[in-house]
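Residue-level structure breakdown
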Amino acid sequence: MQDNAYLKCIDPHCGLEYDISSTRIECDKGHLLDVKYKKIPSRVLKELFYNRRNPQNNIFNESGVWRFRELLNFCQIDTASTEECSKYLVSLDGAEGRQSKPYHMSKVAHFVETKSENLWLQPEGYNPSGSFKDNGMATAITHAKLVNAKKIVCASTGNTSASAGMYAANEDIECDVYIPSGQVAPGKLSQAYQFGTQIIQVDGNFDDALAKSLEDAKKYDGYTVNSVNPFRIEGQKTIPYRALEQLGWEAPDWIVYPGGALGNTSSCGKCLMELYEWNWIKKIPRIAVVNAEGANTLFELYNGKFEETELRWNKGKPNVELIVKYYKHLDKNGIRPKTKATAIQIGRPVNILKGLRALEFTNGVVVEVSDSEMLDGMSIVGLNGFDCEMASGAVPAGIKKMIKDEVIKKDDVVVGILTGRQKDPMLPVDYHNNPQNRFAIPPRDKK
Ligand SMILES: *Cc1c(COP(=O)(O)O)cnc(C)c1O
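Read on for a plain summary of the structure. This one's a predicted model, so the numbers in the text were calculated from it and none came from an experiment. (Residues numbered from 1 in each chain as written. Predicted model: local features only at pLDDT ≥ 70, side-chain atom pairs only at ≥ 80, totals over all residues. Heavy atoms only, no water.)

What the rule picks out here adds up to 24 salt bridges. A salt bridge links R312 to E310, with the shortest nitrogen-to-oxygen separation between them at 3.4 Å. Looking at R312, the relative accessible area reads 28%, which means it is partly exposed. Across the pair E373 and K401 runs a salt bridge whose closest N-O atoms are separated by 3.4 Å. Highlighted residues: E373 in helix α15 (residues 371–382) and K401 in helix α16 (residues 390–404), separated in sequence by 28 residues. Of the residues examined, E373 reaches a relative accessible area of 27% and is grouped as partly exposed. (Salt bridge = Lys/Arg side-chain N within 4 Å of Asp/Glu carboxyl O. Buried < 20%, exposed > 50% of the residue type's maximum accessible area, 1.4 Å probe, protein only. Helix = DSSP H or I, 4+ residues; strand = E, 2+ residues; numbered from the N terminus.)

Here the focus is the state of the cysteines. Taken as a whole and assessed by the stated rule, the structure comprises zero disulfides. Left unpaired, C14 is separated from the closest cysteine sulfur, that of C9, by 3.7 Å. No disulfide involves C271; its sulfur sits 5.9 Å from that of C268, the nearest cysteine. (Disulfide = S-S within 2.5 Å.)

Here we come to the nonpolar core. I152, V225, L275 and I352 are the most contacted members of the largest nonpolar core, which has 89 residues in total. Beyond its immediate chain neighbours, meaning those up to four positions away, I352 contacts L262, L298, L301, L311, I323 and Y327. Of all hydrophobic cores here, the second largest spans 39 residues; its members include M105, W254, A343 and V369. (Core = buried A, V, L, I, M, F, W, Y, C linked by side-chain atoms within 4.5 Å. Contact = heavy atoms within 4.5 Å.)

Okay, empty space enclosed by the protein next. Summed over the entire model, instances satisfying the criterion amount to four cavities of 30 Å³ or more. Here the largest cavity defines a volume of roughly 310 Å³. Lining the largest cavity are 28 residues, and of these F132, K133, G260, A261 and A343 sit closest to its centre. Looking at the lining of the largest cavity, its residues break down into twelve nonpolar, 13 polar and three charged. (1 Å grid on protein atoms, 1.4 Å probe; cavity = no way out; pocket = protein on both sides within 12 Å on 5 of 7 lines; lining within 4 Å. Points joined across faces, edges and corners; volume = space filled by probe spheres on them. Nonpolar A, V, L, I, M, F, W, Y, C, P; charged D, E, K, R; others polar.)

It is at 8 Å that the axes of helix α10 (residues 238–246) and helix α11 (residues 263–277) come closest, and there the two elements cross at 55 degrees. Here α10 lies oblique to α11, going by the angle between them. Two secondary-structure elements touch here, α10 through I239, P240, Y241 and L244 and α11 through N264, C268, C271, L272, E274 and L275. Tallied by class, the residues present in the contact of α10 with α11 amount to eight nonpolar, one polar and one charged. (Axes fitted to C-alpha atoms, helices over the stretch in contact; angles between N-to-C directions. Parallel < 35°, antiparallel > 145°, perpendicular 65-115°, else oblique.)

What follows is the structure in structure tokens.
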């Protein structure tokens, strides 16, 4: 039983393999790693997953992550044994992913100009720490526990630290978070304090904070839970699982994500590659990534805006030189990522290669939207009675753009992931106080 799961380098021309208990985030040659499973899971599990929606007092059935535990069983436990689940699996009392499924939102559909029944939006902001990060953090901290990690380390634009801090506190493990000084939304920063993390302020942006945290994790034996951690990627596969389950495992035409470090994009790609290989889905949905205009590395490289070369996974032989050149160009010209959507204010997406692999497998597209388009997107979600943050507003904004440009066709079924809830309270206040904004409802004074 102990040899079903292992780690494997993503580069098909390298393919180095490691034991599942390894804490490395890259192979000896510096490539990212995948969690791999040897056995093909039976499609009969679909019924088991569905039946667990009546959890019968089992928190691992209640959890929207661990409900799918047979597909994430890197601990290689007996998934039917509650005792083994309790011993190994990290869960915040079954809360991660529990409330998350896709909904129709008629006002958003009207905004993006499609039929309401063709548009599904899945709010991940109702996770216990308020973002999709909990899906992957439950699995990453599970692995940290499996290998007896003494300290959790991450860099964060806010939500990663909130999620890591929450689980670390609950499991009584130390947690250090590296943040770009002064660039984290107050609602996120306060969570990191509240959960007792050690905040380490880095003078610079998220990319600098990540570089520092990786360096220190190596030096001081910390366990990194950023999305370079392949076990984070495993948990985030449950985001598309839940969407697909709601759609009766009939794949939609599109799945749309905001693009930051590209962990979600990578995870969705891996999820779809596996489900397709296992014959669980017949059709491959296309992934669309929405960048902020002010942090659009993937958009520029993928669409040939830099040196007129379209960067592709190219069956495992991507033009890595082009990425290096692009980063040099950013440095040389002092170009720093800049958007009010701080969750996606990232210039060097660490998962870019996995992201490219996902885009190649799904025939994906990358678009960009402005800050004001994201704010409109965020606000129209609010007018449907759902809460989301500005980075998530990139999703309706991007869908609108793709429908207008006929990239998304009139009858296509679209699932958009709303990645987090509002933690930057002044953004909606400022938005609504400016009558120029499309959906603003300014306050009235009582005469
Ligand atoms: C982390 C985060 C993102 C970016 O996701 P990646 O997987 O890094 O691309 C987007 N939105 C929110 C709310 C986030 O917290």
